[in-house]
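# Close look at the chain arrangement
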Amino acid sequence: MKPATKETLALTGNEAAAYAMKQINPDVVAAYPITPATEIVQIFSKYVADGEVDTEFVPVESEHSAMSVCIGASAAGARVMTATASQGLALMHEMLYIAASLRLPILMVVGNRALSAPINIHCDHSDTMGSRDSGWIQIYCENTNEVYHTLIAAIRIAETANLPCMVTMDGFIVTHGMENVRVLEDAEVQEFVGKRKPLYSLLDTDNPITIGPLVLYDYYFEYKRSQLEGVLKAKKIIPLVIDEYNKRFGENIPSFVEEYYTEDAEIVIVAMSSAAGTFKEAIDIEREKGEKIGLLRLKVFRPFPYEILREKMKNAQVIGVMDRAETFSTMGGPLSIELKAALYPLEKRILLQDFIFGLGGREFTLENALEVVDILKKIKKDKKVSEEFIYIGIKE
Amino acid sequence: MKFKSWRDLPEGAIIKDVPTSPAFKTGEWRIKRPFFYPERCKHDLLCWLYCPDSAVVVKNGRVVDFDMEYCKGCGICVKVCPHEALEMKEEEV
């Protein structure tokens, strides 16, 4: 099929997400406002008021209720979306696990924001990293254009895998940053997303079922294994859907990872979300100087594509990992900890340095990125990693 | 009883063959049991109405028995009976 001629709109991340939601036209949206994701549902509620969508919009009294409504509607067979951030996502926490284990393909947009205390409204990844083990698919986008296209693809991913999915973007940096977005026609989106085929429905009164029963030591263990099987299937579904999307619409959005000069790279930087853009600039500068350096941007954090990461990094001499969240385990951020585990089976031990950066919206500049590169170059020369993780861009 | 493999369980932990509650013998929980004095019973059926587990057996509008497979020994029937036709007694082993 020939790629469609697309209209280009100047949109912020929030506007792009709301626009994608409008074109997806979900049956139910239940949400509660929270910075920096408020605008998504605010703009969407205008589409509802203006009759541009058929959505039943439920303005609830808390995020816990938002996710509860999403779960009920999704169990009834509806196509469901919501949006949140930070404390809102934290308040949803217990319901996230229920959505995932009931295998309900709810699609949620998250504007990544720091968790209190101190109260902070700016970007880091502590919110979604806090829900990384809830069973949701997690897709981290670098920019506005990617948010738009990923959301449309993610509906298909979630509903094929029967798993809920969060698509995230960096708070303010992307949620409020305006960029060019190549948008599809409404009909193209509708054709791509199709109709949801639910596993079961609460409204199917001819075939009554029990949803969310009590299951103790006799079968709980088996249900968790069955849930894992769903996530393993999702790992196969994600690249298939993204490939189909790219082919059909002439886009080039990555599925699990994006590679930037990694093929011959001796130094590989692993970063997520918007910081990857800053690193691409730093790598351009270093490549000019002849440095063999590349970037591996991890886009899907759950399920964790350890096989791909291991394969792509096995020939590197030095790896630098960028974490925008703390674990307080005293051994670095969540990405670096999981990455080290992914590399463990390799016979050759690769020098790996973890960096914590950008907490609470601390700006990550080109100078910071070049500083990271210099540290990694020194590690390559000395063949020795610093004993501690490095806080980059901190006031010492 | 033969257990199912995790592979054969319905996705989403739903239960299809509803209702499954009759298979759950709540009588196993009991440490005290209601003792019935039929001669004091006025058959107003308050015990039947209040029993949370449908363990009071009624035939032709009269209390005839207590289904001990499902009576979990909560004692609500004893509390609501105005005629002292029921009494909680220690479960005999």
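What counts and what doesn't
Residues numbered from 1 in each chain as written. Chains lettered and ligands numbered in written order. Predicted model: local features only at pLDDT ≥ 70, side-chain atom pairs only at ≥ 80, totals over all residues. Pairing = 2+ DSSP bridges. Helix = DSSP H or I, 4+ residues; strand = E, 2+ residues; numbered from the N terminus. Axes fitted to C-alpha atoms, helices over the stretch in contact; angles between N-to-C directions. Parallel < 35°, antiparallel > 145°, perpendicular 65-115°, else oblique. Left-handed = near helix turned anticlockwise from the far one by under 90°. Contact = placed C-beta atoms within 7 Å. Nonpolar A, V, L, I, M, F, W, Y, C, P; charged D, E, K, R; others polar.

All right, on to the sheet that holds strand 14 (residues 351-357) of chain A then. Residue and element names in this part refer to chain A. Spatially, the 6 strands line up as an open sheet ordered 9-11-10-13-14-15, and their pairing is mixed. The two strands at the open ends of the sheet, each matched to only one other strand, are strand 9 (257-260) and strand 15 (390-392). On average, each strand axis in the sheet is tilted by 25 degrees relative to the strand beside it, whichever way the strands run. Judged from the 3 bridges that link them, strand 14 and strand 15 form a sheet pairing that is parallel.

This part covers the sheet that holds strand 6 (residues 137-140) of chain A. All names here are of chain A. Read across the sheet, 7 strands follow the order 3-2-4-5-7-6-12 without closing on themselves; strand pairing throughout is mixed. The outermost strands of the open sheet, each flanked by one partner alone, are strand 3 (56-59) and strand 12 (300-302). Strand after strand, the sheet turns through a mean of 20 degrees between neighbouring axes, direction not considered. Pairing of strand 4 (residues 80-84) with strand 5 (residues 107-112) involves 4 bridges; the strand directions are parallel. Bridged to Met-81 within strand 5 is Leu-107.

Below, the discussion takes up the packing of helix 7 (residues 144-161) of chain A against helix 9 (residues 220-249) of chain A. Residues and elements named next belong to chain A. Two elements in contact, helix 7 and helix 9, have axes separated by 9 Å at closest approach and are oriented at 140 degrees. With respect to helix 9, the element helix 7 is oriented oblique. Handedness of the crossing formed by helix 7 with helix 9: right-handed. Note on element contacts: helix 9 touches helix 7 through Gly-230, Lys-233, Ala-234, Ile-237, Ile-238, Val-241, Ile-242 and Tyr-245, opposite His-149, Ala-153, Arg-156, Ile-157, Thr-160 and Ala-161. Partitioned by chemical class, the residues of the contact of helix 7 with helix 9 number 9 nonpolar, 3 polar and 2 charged.

In short, geometric facts, not functional conclusions.
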